[in-house]
Amino acid sequence: MSSSDIFIGETIGTAILILLGGGVCAAVTLKASKARNAGWLAITFGWGFAVLTAVYTSAPLSGAHLNPAVTLALAIKDNDFSNLPTYWGGQLLGAMIGASLVWVAYYGQFRAHLTDKEIVGGPGAQATAAKAVEAQETGAGPVLGVFSTGPEIRHAVQNLATEIIGTVVLVLAVLTQGLNDKGNGLGTLGALITALVVVSIGLSLGGPTGYAINPARDLGPRIVHALLPLPNKGGSDWGYAWIPIVGPLIGGAIAAGIYNVAFA
């Protein structure tokens with residue numbers, strides 16, 4: 001694969017991943033959305049299908065890493081870091097494009113949500129506005145969850161550990177695909193398996209932090225949230241932002257180490 005193929009493939013694939021994954025978060029969160037309050041099952045399966053679509057689309061060009069933690073793990077496994085910046089650059093750019101497209105697709109819903117007094121407070125607001133005020137005091141605006149992850153209980157050590165554990169599971173599943181098939185990988189079936197692993201992680205480990213398990217998935221949309229002209233959007237919670245970056249990278253490195261010791 002050439003550097004241009006890698007960059008283009010990762011940009012397109014990660015954009016699709018975030019468009020569909022962030023899209024389901026918007027659908028469940030925003031007022032005037034037909035899927036409002038559809039719940040956690042909708043979010044976890046929405047992200048799983050997002051992974052499936054993104055991997056199928058981008059695999060022919062770049063191998064569909066779509067995640068800096070996966071790229072780091074593969075680099076450690078193969079002891080080849082030459083393409084790391086190209087993969088990471090495409091992934092971050094794609095994540096920002098995908099998050100911007102979510103804003104375009106749900107433009108009216110964002111405006112309706114962020115001008116609703118029950119959401120953002122103000123004269124005549126109901127008691128539910130207290131939740132939005134509390135979120136903004138901790139640095140997270142009322143729609144940040146559409147773009148990026150955040151903890152239910154803010155405890156740095158636990159939040160970091162949760163992201164590490166979830167990413168180890170994801171990356172080990174990616175690295176061990178096809179080991180029983182003479183090491184040739186599972187081909188297109190691998191996309192489905194990876195998608196189901198993501199659903200499983202979301203259902204089992206996603207509750208504490210929202211399971212970023214992907215630094216680009218969290219950082220790119222968080223940057224977009226900070227830049228977009230959203231009314232009453234509140235903060236982007238930069239104080240927490242290091243956890244969904246550092247945690248998955250540590251998890252990816254640990255998974256690569258486990259693979260090299262146990263499977264290689």
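Procedures and definitions
- Residues numbered from 1 in each chain as written.
- Predicted model: local features only at pLDDT ≥ 70, side-chain atom pairs only at ≥ 80, totals over all residues.
- Heavy atoms only, no water.
- Helix = DSSP H or I, 4+ residues; strand = E, 2+ residues; numbered from the N terminus.
- Buried < 20%, exposed > 50% of the residue type's maximum accessible area, 1.4 Å probe, protein only.
- Contact = heavy atoms within 4.5 Å.
- Areas by Shrake-Rupley, 256 points an atom, 1.4 Å probe, with all protein chains shown as cover.
- Phe/Tyr/Trp six-rings, centres within 6.5 Å; stacked < 30°, edge-to-face > 60°.
- Axes fitted to C-alpha atoms, helices over the stretch in contact; angles between N-to-C directions.
- Parallel < 35°, antiparallel > 145°, perpendicular 65-115°, else oblique.
- Left-handed = near helix turned anticlockwise from the far one by under 90°.
- Nonpolar A, V, L, I, M, F, W, Y, C, P; charged D, E, K, R; others polar.
- Salt bridge = Lys/Arg side-chain N within 4 Å of Asp/Glu carboxyl O.

A.B. asks: Hey, could you run me through the overall build of the chain in this one?
C.D. replies: If you tally the helices and strands in the chain, you get 12 helices and 0 strands. Along the chain, from the amino end to the carboxyl end, the secondary structure elements read α-α-α-α-α-α-α-α-α-α-α-α. Burial statistics for the chain: of 264 residues in total, 48% are counted as buried. For the chain, contacts bridging at least 24 residues in sequence account for 78% of all contacts bridging at least 6. When the accessible area of the chain is evaluated, it comes to approximately 11,600 Å², of which 65% is carbon and sulfur surface.

A.B. asks: How should I be thinking about the packing of aromatic side chains in this particular structure?
C.D. replies: Between two aromatic rings, the relevant description is the distance of the centres plus the angle of the planes. Taken as a whole, this structure holds 5 aromatic pairs when the rule is applied. Between Phe45 and Phe49, the ring centres sit 6.3 Å apart and the planes meet at 45 degrees, which makes this aromatic pair tilted. Linking Phe45 with Phe49, this pair stays in helix α2 (residues 40-62), spanning 4 residues, or about one helical turn. For Phe45, a relative accessible area of 36% gives the class partly exposed.

A.B. asks: What is the right way to read unusual backbone geometry from this model?
C.D. replies: Backbone phi values are negative for most residues with the exception of glycine, while trans is the configuration of most peptide bonds. Unlike most non-glycine residues, Asn37 shows phi in positive territory, near 65 degrees. Of note, Tyr211 is a non-glycine position whose phi angle comes to about 45 degrees, a positive value. In this fold, Tyr211 is placed in the loop between α10 (189-205) and α11 (215-227).

A.B. asks: Help me out: how do you make sense of the environment of Tyr240 in this one?
C.D. replies: Along the chain, the position of Tyr240 falls in the loop between α11 and α12 (243-262). Taking the C-alpha atoms as reference points, Tyr240 and Ala156, 84 residues apart in sequence, are found 8.2 Å from one another. Excluding residues within four positions of it along the chain, Tyr240 makes contact with Thr149, Gly150, Pro151, Arg154, Asn159, Thr209 and Arg222.

A.B. asks: Would you take a moment to explain the packing of helix α3 (residues 68-78) against helix α9 (residues 156-175) for this structure?
C.D. replies: Geometry of a packed helix pair, given as the angle between the helix axes and the separation of the axes. Viewed as axis vectors pointing N to C, α3 and α9 meet at an angle of 55 degrees, and their least axial separation amounts to 10 Å. Viewed along their axes, α3 and α9 adopt a mutual orientation that is oblique. Relative to α9, α3 is oriented so that their crossing is right-handed. Contact residues: α3 offers Ala69, Val70, Ala73, Leu74 and Lys77, while α9 offers Thr167, Val171, Val174 and Leu175. In the contact of α3 with α9, the residues fall into 7 nonpolar, 1 polar and 1 charged.

A.B. asks: What exactly am I supposed to notice about the pattern of salt bridges here?
C.D. replies: Note that side chains of opposite charge can pair when their charged atoms are close. Counting across every chain of the model gives 4 salt bridges. Where Lys31 meets Asp116, a salt bridge forms, and the shortest distance between an N and an O atom there is 3.0 Å. One end of the pair, Lys31, is in the loop between α1 (3-29) and α2; the other, Asp116, is in the loop between α5 (107-114) and α6 (117-120), and 85 residues separate them in sequence. Of the charged contacts, one joins Arg222 and Asp218 as a salt bridge, the two residues approaching to 2.6 Å between their closest N and O atoms. Taken together, the positions of Arg222 and Asp218, both in helix α11 and 4 residues apart, correspond to about one turn of that helix. Of the two residues, Arg222 and Asp218, neither departs from the other in class, the shared state being buried.

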